[in-house]
Amino acid sequence: QPLAEAETQCSKADLVVCFGTSLRIEPAAGLCEYPTAWPIPADSEEKLGYAIVNLQKTPYDEGAQLVVRARVDDAMTYLMGKLGYSRDWDAIFIDD
């Protein structure tokens, strides 16, 4: 069930970002390719594909639109800042 839901969501995505994974465990590793593998509806813009943020090379690097060699914490801090979120993610995302 969770894998089927992940496949559905990844196939709908314009961009999948893979953070900090070797992308060596299938079938989960292949989820990054879903935005490029599925037909694009005629009424939508072209999908962006996938990006990888990881310190080491992965088997999917060649097909990625963007590969960032960085620590996940650093990349996520930068991305969240650009999206307007503060560094206090626990207060935003964790429900006590």
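Definitions and limits used
- Residues numbered from 1 in each chain as written.
- Predicted model: local features only at pLDDT ≥ 70, side-chain atom pairs only at ≥ 80, totals over all residues.
- Heavy atoms only, no water.
- Helix = DSSP H or I, 4+ residues; strand = E, 2+ residues; numbered from the N terminus.
- Contact = heavy atoms within 4.5 Å.
- Areas by Shrake-Rupley, 256 points an atom, 1.4 Å probe, with all protein chains shown as cover.
- Polar contact = N/O pair within 3.5 Å; in protein donor to acceptor, adjacent residues only side chain to side chain.
- Pairing = 2+ DSSP bridges.
- Axes fitted to C-alpha atoms, helices over the stretch in contact; angles between N-to-C directions.
- Core = buried A, V, L, I, M, F, W, Y, C linked by side-chain atoms within 4.5 Å.
- Buried < 20%, exposed > 50% of the residue type's maximum accessible area, 1.4 Å probe, protein only.
- Patch = residues over 30% accessible without salt bridge, like charges linked within 9 Å, V, L, I, M, F, W, Y side chains within 5 Å.
- Salt bridge = Lys/Arg side-chain N within 4 Å of Asp/Glu carboxyl O.

1. Section: the overall build of the chain
Then step 1. The helix and strand inventory of the chain stands at 4 helices and 3 strands.
Then step 2. In sequence order, the secondary structure elements of the chain are arranged as α-β-α-β-β-α-α.
Then step 3. In the chain, once contacts between residues fewer than 6 apart in sequence are set aside, the share between residues at least 24 apart is 48%.
Then step 4. As displayed, the chain offers around 7,000 Å² of accessible surface, 54% of which is attributable to carbon and sulfur atoms.

2. Topic: the environment of Asn 54
Then step 1. Among the secondary structure elements, Asn 54 is positioned in the loop between strand 2 (49-53) and strand 3 (66-68).
Then step 2. Distance in space between the C-alpha atoms of Asn 54 and Arg 69 is 5.3 Å, their sequence separation being 15 residues.
Then step 3. Every residue in contact with Asn 54, bar those within four places of it in the chain, is listed here: Gly 20, Thr 21, Ser 22, Val 68, Arg 69 and Ala 70.
Then step 4. In this structure the side chain of Asn 54 is engaged in a polar contact, spanning 3.2 Å, whose partner is the backbone oxygen of Thr 21.

3. Some details on the sheet that holds strand 1 (residues 15-19)
Then step 1. The strand order 1-2-3 describes an open sheet built from 3 strands, whose pairing is parallel. This sheet does not close on itself; its edge strands, each paired only once, are strand 1 and strand 3. Along the sheet, successive strands turn relative to each other by an average axial angle of 15°, direction set aside.
Then step 2. The sheet contact formed by strand 2 and strand 3 spans 3 bridges and is parallel. Following the sheet pairing, Ala 51 is matched in strand 3 by Leu 66.
Then step 3. Helix-sheet contacts for helix 3 (residues 72-82) involve strand 1 and strand 2, and the interaxial angle to strand 1 is about 140°.

4. Concerning the nonpolar core
Then step 1. In this structure, Val 16, Cys 18, Leu 23, Cys 32, Tyr 50, Ile 52 and Tyr 60 are the most contacted members of the largest nonpolar core, which totals 13 residues.
Then step 2. Filtering out sequence-adjacent residues up to four positions away, Ile 52 remains in contact with Cys 18, Leu 23, Thr 58, Tyr 60, Asp 61, Ala 64, Leu 66, Val 67 and Val 68.

5. What to know about a nonpolar patch on the surface
Then step 1. Residues Leu 15, Val 17 and Leu 48 make up a contiguous nonpolar surface patch of roughly 240 Å² in combined accessible area.
Then step 2. In this fold, Leu 15 is placed in strand 1.
Then step 3. Of the residues examined, Leu 15 reaches a relative accessible area of 40% and is grouped as partly exposed.

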